[in-house]
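Working through the structure, step by step
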Amino acid sequence: MNELLAIIEKEPFFEDMAPEHRRLLAACAAKCSYTAGTRLMRDHEPTETFWLIREGQVALESPLREGSVAFQTLGTGDILGWSWLLPPYRASYDARAVTDIHTLRFDAGVLRERMEADPAFGYVLMKHFAALIVQRLQAARLQALDIYSHGGPGHGN
């Protein structure tokens, strides 16, 4: 756990958390690696995990009738997954490893239990993830504005 705690302590997403909260996170974490092409999440499927991407890239994708379209790429230091935090705990998009990736994988079920047991920890984690959700929504909005300001898909531009 000391190695996991050391990794968490170096990450900006967790930097302003109290040491005891970082220890709770480390107790719920495991190092995991995935090969390029691995699907980490599928839209609308249950999710009990979130990841800290330590190395590599992950595409966030919206499924379409024929395939999917990437709307954002995450990389080193980014957090993947927030749907574990709010019922019904289902993914809001697909996530696919673009390159081989190395991550910390967090057990969301255990984290939710710890958030209930320690409201201060729950509040801190909710604040961090609320900021992440806002950031992702703003990025999606900017991308949509960019697409539609250029005539949108299928408009010959």
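What counts as what
Residues numbered from 1 in each chain as written. Predicted model: local features only at pLDDT ≥ 70, side-chain atom pairs only at ≥ 80, totals over all residues. Heavy atoms only, no water. Phe/Tyr/Trp six-rings, centres within 6.5 Å; stacked < 30°, edge-to-face > 60°. Buried < 20%, exposed > 50% of the residue type's maximum accessible area, 1.4 Å probe, protein only. Helix = DSSP H or I, 4+ residues; strand = E, 2+ residues; numbered from the N terminus. Pairing = 2+ DSSP bridges. Axes fitted to C-alpha atoms, helices over the stretch in contact; angles between N-to-C directions. Salt bridge = Lys/Arg side-chain N within 4 Å of Asp/Glu carboxyl O.

Here we look at the packing of aromatic side chains
Two measures describe an aromatic ring pair: the distance that separates the ring centres and the angle between the ring planes. A full pass over the atoms with the stated rule returns 8 aromatic pairs. Both rings, one in Phe13 and one in Phe14, keep their centres 5.2 Å apart while their planes meet at 90 degrees; by these two values the pair is edge-to-face. Here the two residues Phe13 and Phe14 agree in accessibility, since each one is buried. With 5.0 Å between their ring centres and 80 degrees between their planes, Phe50 and Phe129 make a pair best called edge-to-face. Of this pair, Phe50 sits in strand 3 (residues 49-55) while Phe129 sits in helix 4 (residues 119-149), placing them 79 residues apart in sequence. The buried category is assigned to Phe129, whose relative accessible area is 0%. Through successive ring pairs, a cluster of aromatic residues spans Phe13, Phe14, Phe50, Trp84, Phe106 and Phe129.

Structural notes on the sheet that holds strand 5 (residues 67-74)
The strand order 2-7-4-5 describes an open sheet built from 4 strands, whose pairing is antiparallel. Of all strands in the sheet, those bounded by a partner on one side alone are strand 2 (39-41) and strand 5. Direction aside, neighbouring strands of the sheet carry axes that sit 35 degrees apart on average. One ladder, built from 4 bridges, connects strand 4 (residues 58-64) with strand 7 (residues 94-97); its direction is antiparallel. Opposite Ala59, over in strand 7, you have Arg96 as the bridge partner.

Side note on the pattern of salt bridges
Enumeration according to the criterion identifies 6 salt bridges in this entry. Between Arg96 and Glu61 there is a salt bridge, and its shortest N-O distance comes to 2.6 Å. Placement of Arg96 in strand 7 and of Glu61 in strand 4 is noted, with a sequence separation of 35 residues between them. Given the relative accessible area of 3%, Glu61 is considered buried. Each of the salt bridges in this network shares a partner with another, and the network as a whole consists of Arg39, Glu61, Asp94 and Arg96.

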